[in-house]
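Tertiary structure, described
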Amino acid sequence: MAYDEDRSQIRASNGPQTMASLRNLAISLHRLAGATNIAQALRHHAWYPLKPVNLLLTS
């Protein structure tokens, strides 16, 4: 429930599958970076907006 998928309003065409893929990618990148608690990693990156960019560029 870290991404609050139940309240998502994306229901048409390929939207749900695309969003699920993006969420899985984000979780995988956090795991590769060494995160063991995904919710905590998401909160941390929410406070430091440049960290996700660095995460993408270094992975």
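Thresholds, definitions, all that
Residues numbered from 1 in each chain as written. Predicted model: local features only at pLDDT ≥ 70, side-chain atom pairs only at ≥ 80, totals over all residues. Heavy atoms only, no water. Helix = DSSP H or I, 4+ residues; strand = E, 2+ residues; numbered from the N terminus. Buried < 20%, exposed > 50% of the residue type's maximum accessible area, 1.4 Å probe, protein only. Areas by Shrake-Rupley, 256 points an atom, 1.4 Å probe, with all protein chains shown as cover. Axes fitted to C-alpha atoms, helices over the stretch in contact; angles between N-to-C directions. Parallel < 35°, antiparallel > 145°, perpendicular 65-115°, else oblique. Contact = heavy atoms within 4.5 Å. Nonpolar A, V, L, I, M, F, W, Y, C, P; charged D, E, K, R; others polar. pLDDT = per-residue confidence, 0-100.

Turning next to the overall build of the chain. Along the chain, the regular secondary structure elements total three helices and zero strands. Its helices and strands taken in sequence order, the chain reads α-α-α from the N to the C terminus. Burial status across the chain gives 14% buried among its 59 residues. Summed over its atoms, the accessible surface of the chain is roughly 4900 Å², and 57% of this surface lies on carbon and sulfur atoms.

Let's shift gears to the environment of arginine 7. Summarising the element assignment, arginine 7 is placed in the segment before helix H1 (15-32). Between the C-alpha atoms of arginine 7 and leucine 57, which are 50 residues apart in sequence, the distance is 30 Å.

Put simply, H1 and helix H2 (residues 38-47) touch, their axes get as near as 10 Å, and they point 95 degrees apart. Taken together, the axes of H1 and H2 are roughly perpendicular relative to one another. Here Ile27, His30 and Arg31 of H1 lie close against H2, whose contacting residues are Ile38, Ala41, Leu42 and His45. Across the contact of H1 with H2, the residue classes break down as four nonpolar, two polar and one charged.

When the pLDDT values of the chain are averaged, the result is 82; 92% of them are 70 or greater. When the elements of the chain are averaged for pLDDT, helix H3 (residues 50-58) gives the smallest value, 80, and H2 the largest, 88.

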